[in-house]
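Below are the chains, spelled out letter by letter.
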Amino acid sequence: MEIIKITISRSAGAERLDKQVALHNANLSRRQIKRFIDMGSVFVDGKRIRKASYQVVPPAVIEIRIEQNEEIENKGNQIHWSNLLIYKDENLLAINKPAGIPTAPTRDSAVHNVYHYLKKSGILPSKFYPFHRLDKDTSGLLLIPLTHQMAQLLNSQMQNRRIRKTYFAICQGNPTNSDWTVQGKISRSRRNSNFFKLTSQPEQDHVNSMSEFHLVNQHQNPDLCLIEANPLTGRTHQIRLHLAFSSLPILGDSRYNLNPMPAAELNIPDQAYRMFLHCRKMSFYHPVKKENFSLTAPLPEEFWQLIRIFFPEYSSEINTNAMPPE
């Protein structure tokens with residue numbers, strides 16, 4: 001990634017973002033500047049700005065992050081996104097998000113994300129209302145409201161715990177109980193902002209979290225288990241933290257699994273090795289259609305492959321709900 005850095009001195013005058021960039025970098029055309037802003041590649045003092053008319057008041061630092069990793073973006077462009085569409089009406093869209101791609105723009109990339117690829121494929125309109133997100137390495141059901149009213153009504157249901165989410169996770173270890181609940185306070189680690197921690201000590205920046213878990217099936221040698229998770233709150237990395245706390249880290253979780261099992265031990269290729277967490281199902285009330293909805297996201301092929309190998313007793317129950325390989 002190439003980064004163009006522009007420092008606006010205190011003595012300079014306030015100006016629109018696009019004009020500030022044009023005034024301080026003669027190598028970029030107005031067309032290029034507009035494209036970078038529209039893509040979300042322009043940051044002012046570390047904050048992504050998508051409006052050309054944004055008023056930049058000195059002193060300020062403008063960064064233009066020009067992505068050059070075409071291999072990463074080609075991965076998203078090669079996916080048949082229309083095959084991942086689960087549901088769509090004039091108010092709501094549901095997609096089966098693939099693993100390895102962020103839901104929304106990140107600091108590293110404004111274009112390598114689900115929203116960008118869906119818009120590029122003509123599935124997602126330019127105006128939508130982000131409702132929830134799945135971690136980059138989590139696959140499964142992602143709801144995207146298409147109207148402000150739908151977003152508000154779904155958020156109200158989420159806050160009142162009227163939306164039930166069900167995840168599948170393949171974990172290392174053997175649980176001591178078939179059903180259990182984990183709750184505690186979650187906060188961002190002060191040592192590494194990319195990690196979160198679970199604690200019982202209440203502090204100002206800590207938030208409550210609670211998840212219910214059920215053992216679906218178990219395998220020995222290697223010790224693996226198929227877990228159903230029902231998060232009752234929606235905190236960042238919540239299921240991953242709660243399962244690690246239960247001594248059942250998710251297979252392939254590079255952050256919270258301290259002793260990951262190698263792909264060779266699982267008889268799967270390296271390219272199929274991922275974090276095996278999938279948002280399987282969401283049940284909610286469609287406030288516009290006035291109907292109870294229950295949407296299910298088929299399991300990705302690599303997830304389904306491990307279930308066939310290690311949990312054959314259970315695989316017969318869901319053999320019609322797997323996604324075909326791309």
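Check the entry above for the structure.
Criteria and cut-off values
- Residues numbered from 1 in each chain as written.
- Predicted model: local features only at pLDDT ≥ 70, side-chain atom pairs only at ≥ 80, totals over all residues.
- Heavy atoms only, no water.
- Phe/Tyr/Trp six-rings, centres within 6.5 Å; stacked < 30°, edge-to-face > 60°.
- Helix = DSSP H or I, 4+ residues; strand = E, 2+ residues; numbered from the N terminus.
- Lys NZ or Arg CZ within 6 Å of the ring centre and 35° of its normal.
- Contact = heavy atoms within 4.5 Å.
- Expected span 1.5 Å × (residues − 1).
- Buried < 20%, exposed > 50% of the residue type's maximum accessible area, 1.4 Å probe, protein only.
- Arc of directions from axis to C-beta.
- Pairing = 2+ DSSP bridges.
- Salt bridge = Lys/Arg side-chain N within 4 Å of Asp/Glu carboxyl O.

(A) Structural view of the packing of aromatic side chains. Tallied over the entire structure, the rule returns 9 aromatic pairs. Ring centres 5.7 Å apart and planes at 20° place the aromatic pair Trp81 and Tyr117 in the stacked group. Of this pair, Trp81 sits in the loop between α3 (70–77) and β7 (85–88) while Tyr117 is found in helix α4 (residues 114–120), placing the two residues 36 residues apart along the sequence. Members of the aromatic cluster, joined through ring pairs, are Tyr87, Phe284 and Phe293. Seen from the ring of Phe43, Arg65 lies directly overhead, with NZ or CZ sitting 3.8 Å from the centre. When the ring centre of Phe195 is taken as reference, the NZ or CZ atom of Arg255 above it lies at 6.0 Å.

(B) Spatial organisation of the side chain of Asn217. Within the fold, Asn217 resides in strand β13 (residues 207–219). Among all residues touching Asn217, those that are not within four sequence positions of it are Cys225, Leu226, Phe311, Glu313 and Tyr314.

(C) View of helix α5 (residues 148–159). For α5, which comprises 12 residues, the first-to-last C-alpha distance of 17 Å matches the rise-based estimate of 16 Å (1.5 Å per residue) to within 8%. Of the residues making up α5, those classed as buried are Met150, Ala151, Leu154 and Gln157. Along α5, the residues classed as buried sweep out an arc of 125° about the axis, all on the same side. Along its buried surface, α5 packs onto β8 (92–97), β9 (139–145) and β15 (277–286). Directly beyond the C-terminal end of α5, a positive phi value near 60° is found at Arg161.

(D) Region of interest: the sheet that holds strand β1 (residues 2–8). Strand order in the open sheet formed by 4 strands is β1-β6-β3-β4, and the pairing between neighbours is antiparallel. A strand with exactly one partner marks an edge of an open sheet, and here the two such strands are β1 and β4 (47–48). Both strand β3 (residues 42–44) and β4 contribute to a ladder of 2 bridges, which runs antiparallel. Note that in β4 the partner of Phe43 across the bridge is Arg48.

(E) How the structure looks around the pattern of salt bridges. Counted according to the given criterion, the structure contains 6 salt bridges. Between Arg65 and Glu63 there is a salt bridge, with the nearest N and O atoms lying 2.9 Å from each other. A relative accessible area of 8% means that Arg65 is categorised as buried. With a shortest N-O distance of 3.1 Å, Arg308 and Glu301 are connected by a salt bridge. Judged by relative accessible area, which is 25%, Glu301 ranks as partly exposed.

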